Amino acid sequence: MTPQTQSTERRYRRLYTGLWALSGVLLAVLIVAGYPLVGVGAFAVFAVSALVTYRRYDGPLFDERDQRRQAAASKRTLAIMGMSSAVVFPGATALWALNLIEWPLWLTPIALLVAALSFVHIGSIMYESGRPA
């Protein structure tokens, strides 16, 4: 791989990653600022831009090293989010049941998503344990 190719690959990787990061940040900032639909629109524009960037690069933008990193990062993310959800949502539910906090309507779909992810994860574990090694 020539230095020029490495430089181009690095630029595309940074652009791809930056566009995804910007999409998430803009979504969060615009929701908090009271512009949820603008946030969704910004997310969509930058997410599609990231995907177009990925598709326009001639050659593999990510290789097996990246796949190992992705697998490790995914495993860590699921562990952190799973443990956090296991504490936050039951805790928030208990506080709500005791009338110590108000359960905001927007939290309900997030709680249902967390529950669905838990069921998918348990189902995946059961599926993998039944497969031959």
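Our subject in this report is the structure included herewith. Counting from 1, residues in each chain are numbered in the order their sequence is written. Local features in this predicted model are restricted to residues whose pLDDT is 70 or higher, and side-chain atom pairs enter the listing and the counts only when it is 80 or higher, whereas totals over whole chains, interfaces and linings include all residues. Excluding hydrogens and water, the side-chain figures rest on all heavy atoms present in the structure.

### Side note on the pattern of salt bridges
(1) Moving on: Between Lys or Arg on one side and Asp or Glu on the other, a salt bridge is scored when a side-chain nitrogen of the former is within 4 Å of a carboxyl oxygen of the latter. The tally for this structure, following the rule as stated, stands at two salt bridges.
(2) Moving on: Across the pair R13 and E9 runs a salt bridge whose closest N-O atoms are separated by 3.3 Å. Of this pair, R13 and E9 both sit in helix α1 (residues 3-32), four residues apart, which is roughly one turn of that helix. Of the two residues, R13 and E9, both sit in the buried class.
(3) Moving on: Note that R131 and E128 form a salt bridge whose closest N and O atoms lie 3.3 Å from each other. Note on conventions: DSSP H or I runs of at least 4 residues are helices, E runs of at least 2 residues are strands, and numbering of each starts at the N terminus. The buried label goes to any residue with under 20% of its type's maximum accessible area, the exposed label to any with over 50%, and the partly exposed label to all in between, with areas taken from a 1.4 Å probe on protein chains only.

### Details of the side chain of S23
(1) Moving on: Structurally, S23 can be placed in helix α1.
(2) Moving on: N or O atoms within 3.5 Å of each other form a polar contact, as long as, within protein, one can give a hydrogen and the other can take it, and as long as residues adjacent in sequence are counted only when both atoms are side-chain atoms. One polar contact links the side chain of S23 to the main-chain carbonyl oxygen of W20, over a distance of 2.6 Å.
(3) Moving on: Discounting chain neighbours no more than four positions away, the residues touching S23 are F43, F46 and A47. The contact rule is simple, with two residues in contact once any of their heavy atoms fall within 4.5 Å.

### A look at the environment of I125
(1) Moving on: Of note, I125 is situated in helix α4 (residues 107-130).
(2) Moving on: For I125, a relative accessible area of 44% corresponds to the partly exposed category.

### Looking at the packing of aromatic side chains
(1) Moving on: Centres within 6.5 Å are what make two rings of Phe, Tyr or Trp a pair, Trp counting through its six-membered ring; a difference in plane orientation under 30 degrees is then read as stacked, over 60 as edge-to-face, and the rest as tilted. For the structure on display, the rule yields four aromatic pairs.
(2) Moving on: Taken together, a centroid distance of 5.0 Å and an interplanar angle of 55° make the contact between Y12 and Y57 tilted. One end of the pair, Y12, is in helix α1; the other, Y57, is in the loop between α2 (36-56) and α3 (64-97), and 45 residues separate them in sequence.
(3) Moving on: Residue Y57 is classed as buried on the basis of its relative accessible area of 10%.

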